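An overview of the molecular structure
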Amino acid sequence: MTNETVTLKQRSGDPVEGTAVVTRYAATDRTTRAGAIALGGILLGGLSIVVPGVHLISTWLLPLLGLGIAAYVHRIHARVGTVRGICPSCGEDMAIEDTGAVADEAVWVRCDRCTHPMELILRPQ
Ligand SMILES: [Zn+2]
């Protein structure tokens, strides 16, 4: 968990800079966590074969769910906490709490004072 400088891009107008609390995940950690989740789904699906009735669905659904969750977890390469900066719209200090996971898609945040939307862009590492 480190404080990093981030870029807040607006729909129109110049991008502004801010700071954010960022936790980055290494590729090996993401792969290990995703593999554990996928394996857990396969094991639970296999174990559920002893439950009468439920086994008709759980033996294929639990491994599929495990693979889906593992694919999602593998794409998360950072988690962002509080984003601070000066809002380009209202000019006030903003503190956007608990922004969340950063995967491959764009992350949009809103100023906590005027709800001005901005795209959060992390610096590559
Ligand atoms: Zn604002």
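Analysis parameters
Residues numbered from 1 in each chain as written. Predicted model: local features only at pLDDT ≥ 70, side-chain atom pairs only at ≥ 80, totals over all residues. Helix = DSSP H or I, 4+ residues; strand = E, 2+ residues; numbered from the N terminus. Rg over C-alpha atoms; globule rule 2.2 N^0.38 Å. Buried ≥ 20, exposed ≤ 12 C-beta atoms within 10 Å, placed from the backbone. Contact = placed C-beta atoms within 7 Å. pLDDT = per-residue confidence, 0-100. Pairing = 2+ DSSP bridges. Expected span 1.5 Å × (residues − 1). Arc of directions from axis to C-beta. Domains from an automatic or database assignment.

Attention shifts here to the overall build of the chain. Along the backbone of the chain there are two helices and seven strands. Shown N-terminal to C-terminal, the secondary structure of the chain runs as helices and strands in the order β-β-α-α-β-β-β-β-β. For 125 residues, the compact-globule estimate of 2.2 N^0.38 gives 14 Å, and the C-alpha radius of gyration of the chain, at 20 Å, exceeds that figure by more than 25%. Expressed as lengths along the three principal axes of its C-alpha atoms, the size of the chain is roughly 60 × 30 × 20 Å. When each of the 125 residues of the chain is scored for burial, the buried share is 19%. Contacts in the chain between residues far apart in sequence, at least 24 positions, make up 52% of those at least 6 positions apart.

This part takes up the confidence of the model for the chain. Summing up the model confidence of the chain, the mean pLDDT is 94 and the portion of residues at 70 or higher is 100%. The element-level mean pLDDT for the chain is lowest in strand 5 (residues 100–102), coming to 93, with helix 1 (residues 27–47) highest at 97.

Sheet analysis places strand 6 (residues 107–110) next to strand 7 (residues 117–121), joined by four bridges and oriented antiparallel. Residue pairing for strand 7: Trp108 is matched across the bridge by Glu119. Adjacent in sequence and paired antiparallel, strand 6 and strand 7 are bridged by six residues, among which Thr115 carries a positive phi angle near 60 degrees.

Attention shifts here to helix 1. It helps to recall that an α-helix has 3.6 residues per turn; residues three or four apart then point in one direction. In this model helix 1 runs 30 Å from its N-terminal to its C-terminal C-alpha over 21 residues, within 8% of the 30 Å that 1.5 Å per residue would give. Considered for burial, the residues of helix 1 that qualify are Ala34, Ile37, Ala38, Gly41 and Gly45. Down the axis of helix 1, the sector holding all buried residues measures 95 degrees, keeping them to one side. Summarising the geometry of helix 1, the exposed residues directed more than 90 degrees from the buried face are Thr28, Asp29 and Thr32.

With that settled, the discussion passes to the domain arrangement of the chain. Taken as a whole, the chain is organised into domain 1 (2–25 + 76–121) and domain 2 (27–75). Just the C-alpha atoms count here: the centres of domain 1 and domain 2 sit 33 Å apart. The partner domain 2 presents four residues to the five residues of domain 1 that form the contact.

This brings us to the environment of Ile76. Following the sequence through the fold, Ile76 ends up in the loop between helix 2 (55–75) and strand 3 (78–86). A sequence separation of 49 residues divides Ile76 from Ala27, and the C-alpha atoms of the two residues are 9.8 Å apart. Setting aside its immediate chain neighbours within four residues, Ile76 contacts Tyr25, Ala101, Val102 and Ala103.

Turning our eyes to something else, we now look at the pairing of strand 1 (residues 2–9). Sheet topology places strand 1 next to strand 2 (residues 16–24); seven bridges connect them, and they run antiparallel. Across the sheet, residue Thr2 finds its bridge partner in strand 2, namely Val22. Between strand 1 and strand 2, which follow one another and run antiparallel, lie six residues, and Gly13 among them has a positive phi close to 105 degrees. Of the strand pairs in this sheet, strand 1 and strand 7 are connected by three bridges, and their pairing is antiparallel. Paired with Thr7 across the strands is Ile121, a residue of strand 7.

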